[in-house]
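Below, each chain spelled out in residue letters.
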Amino acid sequence: MKKFFATPATRAAATPGRRTIIAAALMAGLSAQALAATPIVISQVYGGGGNSGAKYKNDFIELFNRGDSAVDISGWSVQYASATGSSWQVTKLAGNTVLQPGQYFLVQEAVGTGGTDSLPAPDTIGTLALSGTTGKVALVGNVSALAGAAPAAGSYVDLIGFGSAGYFEGSAAAPTLSNTTAALRAAAGCTDADNNGTDFSAGEPTPRNRASALHACGVPAAPPIVATCPASLSLAFGISGSADLSATDSDGVVNNAVITSAAVPGISLVNFLAASAAGGNATVSLNVAASVQASTYPVTIRFDNDQSQQTSCTINVSVAAPATLTHTIPQIQGQGDTSPYAGTIQTTEGVVTAKVGSGFFIQDETGDGDPLTSDGMFVYTTAANSGTVQVGDKIRITGSVSDYAPVAGGHAYTELQNISAIVKLAGGISITPTNVQLPHPNLGQVEGMLVRFTNPLTVSQLEFLGDRGEVTLSSGRLEIASNRYRAGTPEALAHAAANALNQIVLDDGIFVTPTTIPYLGADGSLRAGDTVSDLTGVVDFGAKGGGGAGFKLQPTVAPVFSQDNPRTDPPVLAPGNIKVASANVLNYFTTFTNGTDVEGNTNQGCSLGSSVAKSNCRGADNLNEFNRQTTKIVGELKAINADVFGLMEIQNSGEYTVTKLVDALNEAISPGTGLKTYAVVPKPSTTGTDAIRVAMIYKPAALTMVGNALTDGDAINNRPPMAQTFKAANGAKFSLVVNHLKSKGSCPSGSGPDADHNDSQSCWNATRILQAQRLVNTFVPQVVSAAGDAKVLLIGDFNSYGMEDPINTITATGYVNQLERFVRGSGDMPYSFVFNGEAGYLDHALASAALSPQVAGAAEWHNNADEPTVVDYNTDGKPQDKYTSAPYRASDHDPVVISLNLAAPYTDVTGSFRAVGTGLVLNRATGKFGSTFSITNTGSTTLNGPFQVEFDGLDASVTLVNATGSHAGAPYITVNTASLAPGATASFALSFSRTGSANISYTTKIYTGSF
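Here the structure is a predicted model, which is why all the values come from computation and not from measurement. (Residues numbered from 1 in each chain as written. Predicted model: local features only at pLDDT ≥ 70, side-chain atom pairs only at ≥ 80, totals over all residues. Heavy atoms only, no water.)

Considering the overall build of the protein chain
We count it as follows: Numbering of helices and strands starts at the N terminus; helices are DSSP runs of H or I of at least 4 residues and strands are runs of E of at least 2. Values of the radius of gyration come from C-alpha atoms, whereas the globule rule sets the reference at 2.2 Å times the count of residues to the power 0.38. A 1.4 Å probe rolled over the protein chains alone gives each residue an accessible area, and that area as a share of the maximum for its type sets the label: buried under 20%, exposed over 50%, partly exposed in between. In this analysis, two residues are considered to be in contact whenever any of their non-hydrogen atoms come within 4.5 Å of each other. The Shrake-Rupley method, run with a 1.4 Å probe sphere, supplies the accessible areas, and residue values consider only the shown protein chains as cover. By the counting rule applied here, Lys and Arg register as positive and Asp and Glu as negative, while His and the ends of each chain are not counted. Just so you know, the charge point we use is NZ for Lys, CZ for Arg, CG for Asp and CD for Glu.
Scanning the protein chain for helices and strands turns up 13 helices and 62 strands. At 42 Å, the protein chain has a C-alpha radius of gyration far larger than the 30 Å of a compact globule built from 1011 residues. By its C-alpha atoms, the protein chain is 150 × 75 × 50 Å across when sized along the principal axes. Within the protein chain, the fraction of its 1011 residues that count as buried is 52%. Excluding contacts between residues fewer than 6 apart, the proportion of contacts in the protein chain whose partners are at least 24 apart in sequence is 70%. Counting only carbon and sulfur atoms, one obtains 52% of the accessible surface of the protein chain, whose full area is about 40,100 Å². In the protein chain, the 56 positive side-chain charges and the 78 negative ones have mean positions that sit 7 Å from each other.

Let's talk about the sheet that holds strand β62 (residues 1003-1009)
Worth spelling out the cut-off: Think of it this way: DSSP has to see at least two bridges between two strands before they count as a pair. Here, axes are lines fitted to C-alpha atoms. For helices the fit covers the stretch in contact, and angles between N-to-C directions go from 0 to 180 degrees.
One open sheet accounts for five strands, arranged β51-β62-β56-β59-β58; its pairing is antiparallel. In this open sheet, the two edge strands, each paired with only one partner strand, are β51 (906-908) and β58 (965-967). Across the sheet, the mean angle from the axis of one strand to that of its neighbour is 40 degrees, orientation sign disregarded. With six bridges connecting them, strand β56 (residues 947-952) and β62 associate as antiparallel partners. Bridged to V949 within β62 is I1006.

What to know about the nonpolar core
Rules: The definition of a nonpolar core used throughout is a set of buried Ala, Val, Leu, Ile, Met, Phe, Trp, Tyr and Cys residues joined through side-chain atoms within 4.5 Å.
Among the nonpolar cores identified, the biggest contains 39 residues, and F453, V471 and L473 are the most heavily contacted of them. The set of elements that each furnish at least two residues to this core consists of β21 (345-356), β27 (450-453), β28 (457-461), β29 (471-474), β30 (504-506), β32 (536-543) and β33 (549-555). Dropping the residues within four chain positions of it, V471 is found in contact with V459, Q461, L462, L465, I504, V505, L506, Y519 and L526. Core analysis: the next-biggest nonpolar cluster, separate from the first, contains 32 residues, V580, M648, L793 and I898 among them.

Considerations on the side chain of S285
Here S285 lies in strand β18 (residues 281-288). Ignoring sequence-local partners within four residues, the contact set of S285 consists of A243, D244, S268, L269 and V270.

Quick word on empty space enclosed by the protein
Heads up, the rule is: Detection works on a 1 Å grid of protein atoms alone, calling trapped sets that fit a 1.4 Å probe cavities and calling open sets with protein on both sides within 12 Å along at least five of seven lines pockets, with lining residues defined by an atom within 4 Å of a point. Grid points are joined across faces, edges and corners, and a volume is the space filled by probe spheres set on the points. For this classification, Asp, Glu, Lys and Arg are treated as charged, while Ala, Val, Leu, Ile, Met, Phe, Trp, Tyr, Cys and Pro are nonpolar and the rest, including Gly, are polar.
Applying the stated criterion to the full structure yields four cavities of 30 Å³ or more. If you go around the largest cavity, the residues you meet are Q461, L462, E463, F464, E470, T472, Q503, V505, K544, G545, N836 and G837. Taken together, the residues of the lining of the largest cavity break down into three nonpolar, six polar and three charged. The space that makes up the second largest cavity amounts to roughly 70 Å³. Forming the boundary of the second largest cavity are D712, N717, N718, R719, P721, N739, H740, L741, Q771, R774, L775 and F779. Of all elements in the fold, only β43 (733-740) and α11 (765-787) reach the threshold of two or more residues within the lining of the second largest cavity. Ranked by residues supplied to the lining of the second largest cavity, first place goes to α11 with four residues.

Quick look at helix α8 (residues 490-500)
How we decide: The arc in question is the one spanned by the directions pointing from the helix axis to the C-beta atoms.
Considered for burial, the residues of α8 that qualify are A492, H495 and N499. Seen along its axis, α8 keeps its buried residues to an arc of 65 degrees; they face one direction. For α8, exposure combined with an orientation more than 90 degrees from the buried face picks out P490, L493 and A500. Close packing links the buried residues of α8 with α7 (481-484) and β47 (838-840).

Concerning the side chain of N305
For clarity, the threshold we go by: The definition of a polar contact used here is a pair of N or O atoms within 3.5 Å, where within protein one atom must be able to donate a hydrogen and the other to accept one, and adjacent residues in sequence count solely through side-chain atom pairs.
Relative to the helices and strands, N305 is located in strand β19 (residues 295-305). Separated by 2.9 Å, the side chain of N305 and the backbone nitrogen of Q307 make a polar contact. Separated by 2.8 Å, the side chains of N305 and Q309 make a polar contact. Setting aside chain neighbours within four positions, we find N305 in contact with I225, D249, V253, V254 and N255.

Remarks on the packing of aromatic side chains
Stated precisely, the cut-off is as follows: Side-chain rings of Phe, Tyr and Trp, where Trp is taken by its six-membered ring, are said to pair if the distance between their centres is within 6.5 Å; with planes under 30 degrees apart they count as stacked, over 60 as edge-to-face, and otherwise as tilted.
The tally for this structure, following the rule as stated, stands at 23 aromatic pairs. Arranged with centres 5.9 Å apart and planes meeting at 45 degrees, the rings of F645 and Y678 form a pair that is tilted. Linking F645 in strand β38 (residues 644-651) with Y678 in the loop between α10 (656-669) and β39 (679-680), this pair joins segments that are 33 residues apart in sequence. Pair check on accessibility: F645 and Y678 agree, each one buried.

Concerning the sheet that holds strand β50 (residues 896-900)
Across the sheet, which stays open at both edges, the six strands sit in the order β39-β40-β38-β35-β50-β49 with mixed pairing between neighbours. If you trace the sheet from one side to the other, it starts and ends with β39 and β49 (855-860), each paired once. Contacts between helix α9 (residues 623-640) and the sheet are confined to β35 (578-588), β38, β40 (692-698) and β50, with β35 contributing the most and set at about 165 degrees to the helix. Strands β35, β38, β39 and β40 of the sheet are contacted by α10, whose axis makes an angle of about 130 degrees with β38.

Some remarks on unusual backbone geometry
At the junction of L438 and P439, the peptide bond is cis and its omega measures out at -5 degrees in the coordinates. Among the secondary structure elements, P439 is positioned in the loop between β26 (434-436) and β27. Cis rather than trans, the peptide bond between G945 and P946 has omega equal to 0 degrees. By the element assignment, P946 lies in the loop between β55 (943-944) and β56. In the Ramachandran plot, N271 falls in the positive-phi region, its phi being about 60 degrees despite a non-glycine side chain. Within the secondary structure, N271 sits in strand β17 (residues 267-273). The residue W764 is not glycine, and still its phi comes out positive at about 65 degrees. With respect to the helices and strands, W764 occurs in the loop between β43 and α11.

A few points about the packing of α9 against α10
Here is the rule: A clockwise turn of the near helix away from the far one marks a right-handed crossing, whereas an anticlockwise turn of less than a right angle marks a left-handed crossing.
Closest axis-to-axis distance for the α9/α10 pair is 10 Å, and the angle between their directions is 65 degrees. For the pair α9 and α10, the crossing hand works out as right-handed. Taking contact as the criterion, the partners of T630, I633, V634, L637 and K638 in α9 are, on α10, L661, A664, L665, A668 and I669. Of the residues in the contact of α9 with α10, the class split is eight nonpolar, one polar and one charged.

Side note on the pairing of β21
Most of β21 sits inside the fold, with ten of its twelve residues counted as buried. In terms of strand pairing, β21 meets strand β24 (residues 394-404) through seven bridges, oriented antiparallel. Counterpart to V351 in the pairing with β24 is K394.

Details of the state of the cysteines
Counted only if it meets this: Only a pair of cysteine sulfur atoms within 2.5 Å qualifies as a disulfide here.
Per the counting criterion, the structure on display carries four disulfides. In this model C229 forms its disulfide with C313; the gap between the sulfur atoms is 2.2 Å. Looking along the S-S bond of the C229-C313 disulfide, the torsion reads about -65 degrees, which is the left-handed sense. With C229 in the loop between β13 (226-228) and β14 (232-235) and C313 in strand β20 (residues 310-319), this pair connects stretches of sequence that are 84 residues apart.

Quick look at the environment of K579
By the element assignment, K579 lies in strand β35. You can call K579 partly exposed: its relative accessible area is 29%. Every residue in contact with K579, bar those within four places of it in the chain, is listed here: I640, N641, A642, D643, V644, V897 and I898. A distance of 3.0 Å separates a polar side-chain atom of K579 from the backbone oxygen of I640.

A few points about the confidence of the model for the protein chain
For the record, the criterion: For every residue, the predictor reports its confidence as pLDDT, a number between 0 and 100.
Mean pLDDT over the protein chain works out to 93, with 96% of the residues at or above the 70 mark. Confidence drops under a pLDDT of 50 for residues 1-36, and excluding neighbours within four residues, the segment shows 51 contacts in the predicted structure.

Focus on the environment of P753
Positionally, P753 belongs in the loop between β43 and α11. For P753, a relative accessible area of 62% corresponds to the exposed category. Along the sequence, P753 and D370 sit 383 residues apart, while their C-alpha atoms lie 47 Å from each other.

Brief notes about the pattern of salt bridges
This is how it is decided: Any carboxyl oxygen of Asp or Glu within 4 Å of a side-chain nitrogen of Lys or Arg constitutes a salt bridge here.
The final tally for this structure, using the stated rule, is 34 salt bridges. Here R185 makes a salt bridge to D192, at a shortest N to O gap of 3.5 Å. Taken as a pair, R185 and D192 share a single burial class, namely buried. A salt bridge links R567 to E867; the shortest N-O distance between them is 2.8 Å. Taken together, the residues R567 in the loop between β34 (561-562) and β35 and E867 in the loop between β49 and β50 connect sequence positions 300 residues apart. For E867, a relative accessible area of 2% corresponds to the buried category. Within the structure, one salt-bridge network assembled from shared partners comprises R477, R527, R567, D866 and E867.

Rendered as structure tokens:
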């Protein structure tokens, strides 16, 4: 905006005073052209000074040089008129009036009876009483009062109309102001679009003077020093006290602090600690001795940095008698869930027991002896106010009582807020912690109190350790109710209710993402199942990770954890001849969320239904994360060393992604050799439309595939099951079916059958029941028929805990739950997943009745669920990178390992039989040779059939015409006799043909069972 003075054409109309100003400017070396476009603007206006609730005692007007050359404003004035008024009041600008580029100029105006802070040293002092809400302010190039409610544009240098002002620059006035807001020109004074409505905004008054840091327009402003100081420090006479002050500068080092106001004996700065680097915090304490006399002392502290920047803050130190006590903390808390004094202003007193990021806790020094009323309370206030108190201070405090509910309709937490006075009464007082235990019937009775847990507490969840500094604790591990009892039963309801009373969240007191992840041990981890004893802190209540709210403990003594659940190797099971494992690999994708892939291609996407987009990808964000993820998963699979793995959450990209995983696994097993220990089971005809699929990999040296993989593409299966029949080295067959049922997340709206019915089964349970029914009633019978064998093992992520409806649907048909059999059966809790502080197993091993007797053992490997998320492969959203290549937190699910001791389908019992054949007789009509053959049990026990009699050593020209089949290259005949007792005989006919003259001779072997 150009600031017009009288031009030669209009100079005759100018006032004599105007001529004098121009002459003075010319004498100062400023040209007429510079005057015609002066860069001096009104940068801030505040009319609420001295009013009720105001920070500052005076009104003020601030000017600013937004240009690139010095300007002398001597002889100028600032003027004020009401919103519609035509009478202008004048303050002449005096003192040193040459403004350098980027320099401010502070005009102090009328003083009021309110306000707490004095302005920084003004550059000019006037007596204009500005409106706190609406009015007009002008900068004029002389000291003559403007004329009219809307003075001519050429008669002033700059003008702002604010609130309901009838005259302003541009199309709209600046905003309406208040006792706590000023009109501030944008960009710290640099913006000037000739429109008050857009150039100005209402904000906290920030008066700047000639001593303030220069702010050059057109270049990025150097970030200022930001000081954190309390507005006041109040002490009872004869009591010493201190306030914690700090300052930081994002691009500089704060290296000095000094009191610039008049010295007061007994008030000093102590323990200054400079910032260690740019962006660091400098700290210092303002110390007030007990000898300071009763009065109010405005103490101004200036902070300096290594860039010659400065900033100041003023603390009003008050030494006086405290306000009268209205109610004690126990009285304010009351016996109910809410305070009887909510919504009122109260003065109470207590001892500071802990300081946290959003305030501090106080506790009645003696308490009222009533266990139903808490003796403690949280004070929700600013960091500056918290800086005026120290742990052990006894204070009298005034504020409004509030029942704060972090979650609508949830538990209300009584706290004190809107603090108007804090007066220190004494120091060095110790509060004895109240002994408590978990489970606790109502932690609300000790909210805000200093407590000590007398029983050891167990880590139950670590999901939010890295981003929130939270650890969920309980007395012993918490098992989700539906993992142990059928959902909805009285036992399940009672179990869930008990769990609800047996949790507290150990917090870190800062309420933001910690820069250093707390509570990790020397090995870089903390595991669920570890314990902590003698935990001491203050009971808090608030929002917690994962949603909702709960009771928290803000520790006052550093917790010391005991590694009672150390990391282990994979479980050692009873030996068998086949090891099977189920592993959820947590969205293993070779196409990344950033649109690249493992080959380095860009603009790639993942399939989900008919959509292909990078937003469908769910795993690693980039190649670096993928490599880290691969290392952990490969380490997990290699350590388990199963003969066949069922995998969940592999990218649904044909065989590509699972092949990449197998290639990495084989290389880890036999580096540089090219040996292929594992192979991919070729995918079935369909793998579904989800972005993820199930897959299988196996050791060809241990198993042989029988037939092709099968699947069930029914619409109920969003991720179809995959089945493959295998034959072991001893000829035994079994079929493995890998499953991944509908998840518990992304709940549907409404109250239909798939809604969450709050029975711990979560949502989509009805769909999972249908999937389970389809699995055992339709798909598995097809698998059994194709295999000709009833031995079936169902594994995978069923998204259902141990006793939930889908699992019951399966076990009701005869399948045996192997984790219940072997893990709970040995006295342990089966679990593979931790959620909301409770553990359970979503990953299962369910054996058919035909297979179960041949299962030698089953267990989870707790390498994942017990570990904190912060040690996983991800690089984003973490304050510290705690990743290692160790196979811990390779996924959020624990793998399940099963040992099968498959019996061979047949047994050589030749030594228990006498085999005799009659002489061969030629049937001339058929040209075949006939005989009768008998086998007799010569042993002492009954042998069960069927029996297979194998005829070895026949000449190539001889054929056993009535052979049942061939085994090991020799024909055999099946004798379908149920059993043969000792001495019993079974006979059958033989029929041979030959094409030459070779003798028909043979030896025999006899087997029980089937080939």
